[in-house]
Amino acid sequence: MIRNQRNIALLFAVLFLQGMVFYSPVATLYRQESGLDLVQIGGIESFSLALMLLLELPWGWLADRLGHRRTIVLCAFVFAASKVVFWRAETFAAFLAERALLAVSLSGLSGCDSAFLFACCRDDGHRRAYALSQAVQTLGVLAASLSWPLWGGTYRLAALLTVGSYTAAALLTLGLAEPEGERAAQTRTAEPLSFAQAARRTLALAPVLLAFCLAEETGQSVTVFLSPLLYTRAGIPQQWFGALHAAMTAAGLLGGLSHRMSRRLGQRRAAAALLTAGTAACLLPVLSPAPAAAVLGVTALRAVQSLLTPLSLSIQNERAHPTGRAAQLSCNAMLMDVGSMCLYPAFGALAGQGVERALLLGAACCAAALVLFRAGAGQSAS
């Protein structure tokens, strides 16, 4: 199993490098400096999400036939190409092309990378692997964020450094080999799943998938979009926002402990505990306007989000058919993306009426996720 261990180490290195988006703190400002307005930026993001949804199922079907390793290599190079386009982009058309390449890459990697990692692990080792992969990627994000002051506010240099990290990640994927073991053999020898079979399996798992979707979207909305509003409401000076963002990102490293939590409590109890904690984290800043409540709520929600992601990947891979894992995971991702699209405008509209209302929506989403998970997980999630 030395080949599998090498694959896991290489994939972790790839995820770390792909987490290093050096221009992330100024991505919107970068586009505005090139002449784009917020309406155009929003239109590009909507186009990218729509294209990802369109490509999810075809990519999953193709990945199971082309092979997960080959798909990862191909998508990693497309990913790197998107960063080159972003670095050189100066027009609306160029930034649109960058997001198109990004959508092609992300929809191809969606499910395929976790399926490849699943095949490289024995028994329940995938739970630890997913938890560590989450922590490794967070480390990359944190390293890039902390290095931002070194580049002196030079946007193009930050973009060029991102090209370097993604090119290195793409080159590392060339070292991946086909996984060894019973799981890998099942994937290669049996007849792949059809779209209809994958859709039926996704519908059977829909309550669990929607539960994770609600929790993920709550975490994303609060930690990324609402956190500055929360800090401002609590009277925290803007000079502290950078340090608070770094602390929140560091909390994501707790995702590396997800497998230990699942092993101790069982997947079902672990998920229930995390969803309950997410509900409390959303309610805390509503109940108290104090700065400590805002910081604790945001940081706790980031930790909950990071601990839930490996748990979601484990459950989805364990419930997927070995002959169509990528197609199954793509179908799952499509359902969850549609759920996220419905929640985007809801969080935005309520935040416009007051950040407290958006937080109450987040608490309701986490509470609903708990109900859905308990209804749909069953004994197989314990």
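The following paragraphs examine the structure supplied in this document. Note that the structure is predicted; figures quoted are calculated from it, not measured.

### Considerations on the overall build of the chain
- The number of helices and strands found in the chain is 17 helices and zero strands.
- A globule of 382 residues ought to have a C-alpha radius of gyration of about 21 Å, and the chain, at 20 Å, matches this closely.
- By principal-axis analysis of the C-alpha atoms, the chain measures approximately 60 × 45 × 35 Å.
- Buried residues in the chain amount to 52% of all 382 residues.
- For the chain, restricting intrachain contacts to residue pairs at least 6 apart in sequence, the fraction spanning at least 24 positions comes to 85%.
- Accessible area for the chain stands at about 16400 Å²; split by element, carbon and sulfur atoms hold 65% of it.

### Here's the deal with the environment of Leu-313
- As for its placement among the helices and strands, Leu-313 is situated in helix 15 (residues 291-319).
- Of the residues examined, Leu-313 reaches a relative accessible area of 26% and is grouped as partly exposed.
- With 268 residues separating them in the primary sequence, Leu-313 and Glu-45 have C-alpha atoms 25 Å apart.
- If we ignore the near neighbours within four places in the chain, the residues touching Leu-313 are Ser-114 and Tyr-130.

### Digging into a nonpolar patch on the surface
- On the surface, Trp-61, Leu-62, Leu-66, Leu-74 and Phe-195 cluster together into a nonpolar patch covering about 420 Å² of accessible area.
- Among the elements that make up the nonpolar patch, the one with the highest residue count is helix 3 (residues 38-66) (three residues).
- Here Leu-62 is to be found in helix 3.
- Judged by its relative accessible area of 35%, Leu-62 is partly exposed.

### A few points about helix 4 (residues 68-88)
- Between its terminal C-alpha atoms helix 4 stretches 31 Å, which fits the 30 Å expected from 21 residues at 1.5 Å a residue.
- Within the span of helix 4, buried status applies to His-68, Thr-71, Ile-72, Val-73, Cys-75, Ala-76, Val-78, Phe-79, Ala-80, Ser-82, Lys-83 and Phe-86.

How each quantity is defined
Residues numbered from 1 in each chain as written. Predicted model: local features only at pLDDT ≥ 70, side-chain atom pairs only at ≥ 80, totals over all residues. Heavy atoms only, no water. Helix = DSSP H or I, 4+ residues; strand = E, 2+ residues; numbered from the N terminus. Rg over C-alpha atoms; globule rule 2.2 N^0.38 Å. Buried < 20%, exposed > 50% of the residue type's maximum accessible area, 1.4 Å probe, protein only. Contact = heavy atoms within 4.5 Å. Areas by Shrake-Rupley, 256 points an atom, 1.4 Å probe, with all protein chains shown as cover. Patch = residues over 30% accessible without salt bridge, like charges linked within 9 Å, V, L, I, M, F, W, Y side chains within 5 Å. Salt bridge = Lys/Arg side-chain N within 4 Å of Asp/Glu carboxyl O. Expected span 1.5 Å × (residues − 1).

Any functional reading would require information beyond the geometric quantities listed.
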